[in-house]
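Structural description and commentary
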Amino acid sequence: MPGMYRDALKLLSAHMRQQVSRMLQRCIGCTAAKLPRPLAPGQPETSIAEQKPVVQEVRLVRIAMDFKLHKLELGPDTLVALTALEAALYLRQLLAIRRLEAASAQLYKERLVRGFCHLSTGQEACAVGLCAALRKEDNLVAGYRIHGLAYLMGATAVGVLSELAGKSTGCAQGKGGSMHMYAPNFYGGNGIVGAQVSLGAGIALANKYRETGGVCFALYGDGAANQGQIFECFNMAQLWKLPMVFVCENNNYGMGTSAWRASSNTDYYTRGDFLPGVWVDGQDVLAVRSAARFAIQYAQQRGPLIMELCTYRYAGHSMSDPGTSYRSREEVQLVRQRQDPISRFRKVCLDISILSEQQLRIIDQNVHDEMEKAIQAARHDAELPLSHLGSDVYSHSCTEDKLRGVFGHNLEHSKAVCVKN
Amino acid sequence: MKVSTLTRGLLSAIKSNAICSTRSHFTYYPTKLAQGVRDVQKMNMFQAINNAMDLGLEQDSSALLFGEDVGFGGVFRCSMNLRDKYGKDRVFNTPLCEQGIAGFAIGVANTGATAIAEIQFADYIFPSFDQIVNEAAKYRYRSGGLFDCGSLTFRVPCGAVGHGALYHSQSPEAYFAHTPGLRVVIPRGPIKAKGLLLACIKDPNPCIMFEPKTLYRAAVEEVPTESYTEELGKCDILREGTDVTLIGWGTQVHVLLEVADLAKKQLDIDCEVIDLVSVLPWDTKTICNSANKTGRVLIAHEAPFTQGFGSELAAYIQEKCFLRLEAPIKRVTGWDTPFPHVFEPFYLPDKHRCLAALKEIVNY
């Protein structure tokens, strides 16, 4: 907690120093014309990256909704610092995920994407907030609603969309599809509900054993929260004090069954019983980031923790689900109007004047261009050749040369070589 | 029982000529019962299964239907309107826990109530594998007949669907065929599905019905509206022939029927096509009779090659019919890889591969 304020003070003091130096420069006869100036209205704009930040604007923001704590005395910070660069970055990421999901839906409707496609439209803040808090040594493992997470963990938009379309430029060379996307420190991407949490426990154990200092975030949903193996992992993690954070993205519906019809206890952050938990407003990027930072610290020092992100998905469970047979359209509309993560963050940025309208437009355009390029790549790139039907079944060294049980194609054991984007 | 004998008589008049629609790798061949005898209605497979469950719940007041999302009708619409008709205490959603669903179903069946449990996709059945194999299959044996979970039926959508990839396309019948104490059946169309499901519900053994999900909409037949059962443990000879025996189940039956047509047209080979229907226990007598008659056998299934159910059939047939076989028994199956995403057309044992294998054994 004091670390946050220290950072804020550091930034503030830098700001103060700048102001003082300006004043001094004026005193020694330097004209105002020579001083660096913020962008005046009507002045030609260059992109955010090219503009030299005049001052590292920082604001303190109070988290709108309180955190709820289970078996914890102190929780995450409710007053957080937000710099202009961070604001621009988060907004860009939020918009990018929204656009990415729209692009996925578009490609699905064009039948370029086959298989199942689970969109995270409406849940962007969870992904952005979590990844904003991750450090280089931390890991993430999640279920199947992972387009946004894969993108944030380094898969790139081309990697995600090409993977959906089954092209070789996809992040799994087109062999996985929608649910199986991977990136450095991002272990996927799992189709079997709840299985990823056990994987996360193992990753956390490895982190602890190797003393990397890393924390593993294992994400699962409200539906998966009823799987037996999750409770097995609660026990193992607490017993061995694994540096692990269980993140329940509670979007209130497990496919077609509402959370209150599936769970006797819908306070998922308390489901660990002896494991402490935090309830977070999942539509607020800053709240999620604050909670994730708190969780990392807690997991490193004390042991596992559960984070429940209360969120909502606008789309159906997958592209084959209209999403209206088990909930009303009005409910979806209401959440879109009142609790949309992008609108809320945009409003926060404008209210505290950390980003201007023009800057928002530039970010929008930037995202649009990136996604357009990715869509083109997904449409036109080549698929893996047939010889990769049998690649990566086994490690090359442990078995015979030819793939057993694959007749007529005469395939050898091979490794699909990663195609650089 | 009278109905089933009637059915068997009628099935001898099966004609499989009208081709409904061509989807992905197969063309559907509907089963046609002899005209004018019973009241029939055009239904696709999920409607037939819905009808079967409706009749099952009606006839047996202790019957319960549960599974993930069955309340609003199910992801494949098999349980449409059942909750409205029979109430929330008989048709209800379970939380997302397959092991829990299976264990719960076994417990319900142990008390004598009828349990129809749906596992949403066959690929998700593995958490409940322990319950099914260690509990359900062995209950009668280990209690010396004191307890059994015979009134238990699992309904499990399985099989390739064209875009299912790794976890929405698997065919796990071989894993369960390895467990004595269970019954495993796989329908090829609506008439069969309805009859088999009603038979499974009434059968005093724990049953698993694997329903090929690609047939839910693609398979349309004139299904009798009354309650009837198909005989469990018996296979169907869909087409009589003298040269080669083709054995398959589920969707693959339709591929083999098309292969039989192609073989007749191109090579003038008369094929006998058999739908195995019941994987455990399978109809050894009919299959061996057919193998003895033709001397050449081709088995096809979507599941991987090594240890697929075709290996059991091949081993048994060669043991019983060795001297009458003219060629080695050929298996045309999915490859020994995880079910692929974009390579699905190359993975499946489609008609081209089956025809090539047929040529091979005929020219042996």
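All figures in this text were calculated on a predicted structure; none of them were measured in a lab.

Turning to the overall build of chain A, a few remarks are in order. Of regular secondary structure, chain A possesses 11 helices and 10 strands. Per-residue burial for chain A yields a buried fraction of 53% across its 421 residues. Considering only contacts within chain A whose residues lie at least 6 apart along the sequence, 73% involve residues at least 24 apart.

Mapped onto this numbering, the UniProt entry gives "domain: Transketolase-like pyrimidine-binding" (unreviewed entry) at residues 43-218 of chain B. Taken end to end, residues 43-218 of chain B has its terminal C-alpha atoms 10 Å apart, with 38% of it in helix and 16% in strand.

Okay, the domain arrangement of chain B next. Residue and element names in this part refer to chain B. The domain architecture assigned to chain B consists of domain 1 (40-224) and domain 2 (234-362). A straight line from the C-alpha centre of domain 1 to that of domain 2 covers 26 Å. Counting each side, the surface lost to burial between domain 1 and domain 2 is near 2000 Å², with a carbon and sulfur contribution of 59%. Run the count over domain 1 and domain 2 and you get 3 salt bridges. There are 10 residue pairs in polar contact (both at pLDDT 80 or more) connecting domain 1 and domain 2. If you list the elements that add at least two residues to the side of domain 1 that touches domain 2, you get helix 7 (173-177), strand 8 (183-185) and helix 8 (190-202). Looking at which element gives the most residues to the side of domain 1 that touches domain 2, the answer is helix 7, with 4 residues. Of the residues in the side of domain 1 that touches domain 2, the class split is 15 nonpolar, 8 polar and 4 charged.

Residues and elements named next belong to chain B. If you walk across this open sheet you meet the 7 strands as 5-4-6-7-9-8-14, and the pairing is mixed. Unpaired on one side and paired on the other, strand 5 (91-93) and strand 14 (278-280) mark the two borders of the sheet. Ignoring strand direction, the axes of neighbouring strands in this sheet form an average angle of 20 degrees. Two elements, strand 8 and strand 9 (residues 207-212), share 3 bridges in a ladder whose sense is parallel. Looking across to strand 9, one finds that Val184 is bridged to Ile208.

With that settled, consider the interface of chain A and chain B. Between chain A and chain B, the residue contacts involve 38 residues of the former and 28 residues of the latter. Both sides together, the interface formed by chain A and chain B hides about 2800 Å², and carbon and sulfur atoms give 68% of it. Per-residue buried area on chain A facing chain B is highest for Phe116, Ile192 and Leu389 of chain A; these three make up 19% of the total on that side. Where chain A meets chain B, there are 6 residue pairs in polar contact (both at pLDDT 80 or more).

All names here are of chain A. Burial analysis of strand 9 (residues 277-281) places 5 of its 5 residues in the buried class, the great majority of the element. The side-chain alternation of strand 9 yields two buried faces, one formed by Gly277, Trp279 and Asp281 and the other by Val278 and Val280. Of the strand pairs in this sheet, strand 2 (residues 68-70) and strand 9 are connected by 3 bridges, and their pairing is antiparallel. Across the sheet, the residue bridging to Leu69 is Val278, located in strand 9. Two strands pair when backbone bridges link them, and strand 9 and strand 10 (residues 305-310) are joined in this way by 5 bridges, in the parallel orientation. Across the sheet, the residue bridging to Gly277 is Ile306, located in strand 10. Taken together, strand 9, helix 8 (residues 285-301) and strand 10 constitute a β-α-β crossover, and its handedness is right-handed.

All right, on to the domain arrangement of chain A then. Size of an interface, as often reported, equals the accessible area lost when the parts are brought together. Here chain A is described as being made up of domain 1 (66-380) and domain 2 (388-421). Just the C-alpha atoms count here: the centres of domain 1 of chain A and domain 2 of chain A sit 33 Å apart.

Further remarks concern the UniProt feature "domain: Dehydrogenase E1 component" (unreviewed entry) in chain A. This chain's UniProt record puts "domain: Dehydrogenase E1 component" (unreviewed entry) on residues 94-384 of chain A. Between the C-alpha atoms that bound residues 94-384 of chain A the distance is 31 Å, and the span itself is 47% helix and 11% strand.

Moving on, we get to the packing of helix 2 (residues 45-59) of chain B against helix 8 of chain B. Residues and elements named next belong to chain B. For the pair helix 2 and helix 8, interaxial distance at closest approach is 8 Å and the crossing angle is 25 degrees. For the element pair helix 2 / helix 8, the angle class is roughly parallel. Remark: the crossing between helix 2 and helix 8 carries right-handed chirality. Here helix 2 contributes Met45, Ala48, Ile49, Asn51, Ala52, Met53, Leu55, Gly56 and Gln59 to the contact with helix 8, which in turn contributes Pro190, Ala193, Lys194, Leu197, Leu198, Ile201 and Lys202.

All names here are of chain B. The predicted model of chain B has a mean per-residue pLDDT of 91, with 94% of residues at 70 or higher. Of the regions scoring below 50 in pLDDT, residues 9-23 engages in 34 contacts with residues more than four places distant in sequence or in other chains. Listed scores for the predicted complex are pTM 0.79 and ipTM 0.72.

Moving on: the nonpolar core. Residues and elements named next belong to chain A. In terms of nonpolar packing, the biggest core is built from 81 residues, with Phe217, Met307 and Phe345 touching the most fellow members. If you tally residues by element for this core, the top one is helix 2 (residues 84-109), at 14 residues. Sequence-distant contacts of Met307, that is, excluding residues within four places in its chain, are made with Leu130, Val245, Phe246, Val247, Cys248, Val278, Val280, Val288, Ala291, Ala292 and Ala295.

Below, the discussion takes up the pattern of salt bridges. Where charged atoms from two side chains of opposite charge approach closely, those side chains can pair. All told, the structure shown has 29 salt bridges over all chains when counted by the stated rule. A salt bridge links Glu57 of chain A to Arg59 of chain A; the nearest nitrogen and oxygen atoms lie 3.0 Å apart. Exposure remark for Arg59 of chain A: the relative accessible area of 26% places this residue in the partly exposed category. When the shortest N-O distance is used, the salt bridge between Asp283 of chain B and Lys234 of chain B registers 3.7 Å. Residue Asp283 of chain B is found in the loop between strand 14 and helix 11 (284-294), and its partner Lys234 of chain B is found in the loop between strand 10 (220-224) and strand 11 (236-239); the two are separated by 49 residues along the sequence. A relative accessible area of 4% means that Asp283 of chain B is categorised as buried. Residue Lys234 of chain B is classed as partly exposed on the basis of its relative accessible area, which comes to 28%. One connected set of salt bridges, linked through shared partners, spans Arg188, Lys192, Glu230, Asp236 and Asp275 of chain B.

Bringing a nonpolar patch on the surface into the picture now. Residue and element names in this part refer to chain A. Residues Leu205, Leu239 and Trp240 make up a contiguous nonpolar surface patch of roughly 320 Å² in combined accessible area. Inspection of the secondary structure assignment puts Leu239 in helix 6 (residues 228-239). Using a relative accessible area of 58% as the deciding quantity, one classes Leu239 as exposed.

The next point concerns the packing of aromatic side chains. Under the defined criterion, the tally for this structure stands at 24 aromatic pairs over all chains. Plain terms: the ring middles of Phe66 of chain B and Phe104 of chain B are 5.2 Å apart, the flat faces sit at 80 degrees to each other, and that makes the pair edge-to-face. With Phe66 of chain B in strand 4 (residues 64-67) and Phe104 of chain B in helix 4 (residues 98-110), this residue pair connects regions lying 38 residues apart in the sequence. Under the relative-accessibility criterion, Phe66 of chain B is labelled buried at 0%. Between Phe126 of chain B and Phe129 of chain B the ring centres are 6.4 Å apart and the planes differ by 50 degrees, which places this aromatic pair in the tilted class. Within the aromatic cluster, the residues linked to one another by ring pairs are Phe116 of chain A together with Phe76, Phe121, Tyr124 and Tyr216 of chain B.

Residue and element names in this part refer to chain A. Over its 16 residues, helix 5 (residues 195-210) extends 23 Å from the first C-alpha to the last, a length consistent with the 22 Å expected when each residue adds 1.5 Å. Looking only at helix 5, the buried set comprises Gln196, Val197, Gly200, Ala201, Ile203, Ala204 and Asn207. In an axial view of helix 5, the angular spread of the buried residues amounts to 165 degrees, which keeps them on one side of the axis. The exposed set on the far side of helix 5, more than 90 degrees from its buried face, consists of Tyr209 and Arg210. At its buried positions, helix 5 is contacted by strand 4 (139-141), strand 5 (216-221), helix 6 and strand 6 (244-250).

So, how was this worked out
Residues numbered from 1 in each chain as written. Chains lettered and ligands numbered in written order. Predicted model: local features only at pLDDT ≥ 70, side-chain atom pairs only at ≥ 80, totals over all residues. Heavy atoms only, no water. Helix = DSSP H or I, 4+ residues; strand = E, 2+ residues; numbered from the N terminus. Buried < 20%, exposed > 50% of the residue type's maximum accessible area, 1.4 Å probe, protein only. Contact = heavy atoms within 4.5 Å. UniProt positions renumbered as here; feature names shortened; annotations may be inferred. Domains from an automatic or database assignment. Buried area = accessible area lost by both parts, 1.4 Å probe. Salt bridge = Lys/Arg side-chain N within 4 Å of Asp/Glu carboxyl O. Polar contact = N/O pair within 3.5 Å; in protein donor to acceptor, adjacent residues only side chain to side chain. Nonpolar A, V, L, I, M, F, W, Y, C, P; charged D, E, K, R; others polar. Pairing = 2+ DSSP bridges. Axes fitted to C-alpha atoms, helices over the stretch in contact; angles between N-to-C directions. Right-handed = clockwise from strand over helix to strand, strands pointing away. Parallel < 35°, antiparallel > 145°, perpendicular 65-115°, else oblique. Left-handed = near helix turned anticlockwise from the far one by under 90°. pLDDT = per-residue confidence, 0-100. Core = buried A, V, L, I, M, F, W, Y, C linked by side-chain atoms within 4.5 Å. Patch = residues over 30% accessible without salt bridge, like charges linked within 9 Å, V, L, I, M, F, W, Y side chains within 5 Å. Areas by Shrake-Rupley, 256 points an atom, 1.4 Å probe, with all protein chains shown as cover. Phe/Tyr/Trp six-rings, centres within 6.5 Å; stacked < 30°, edge-to-face > 60°. Expected span 1.5 Å × (residues − 1). Arc of directions from axis to C-beta.

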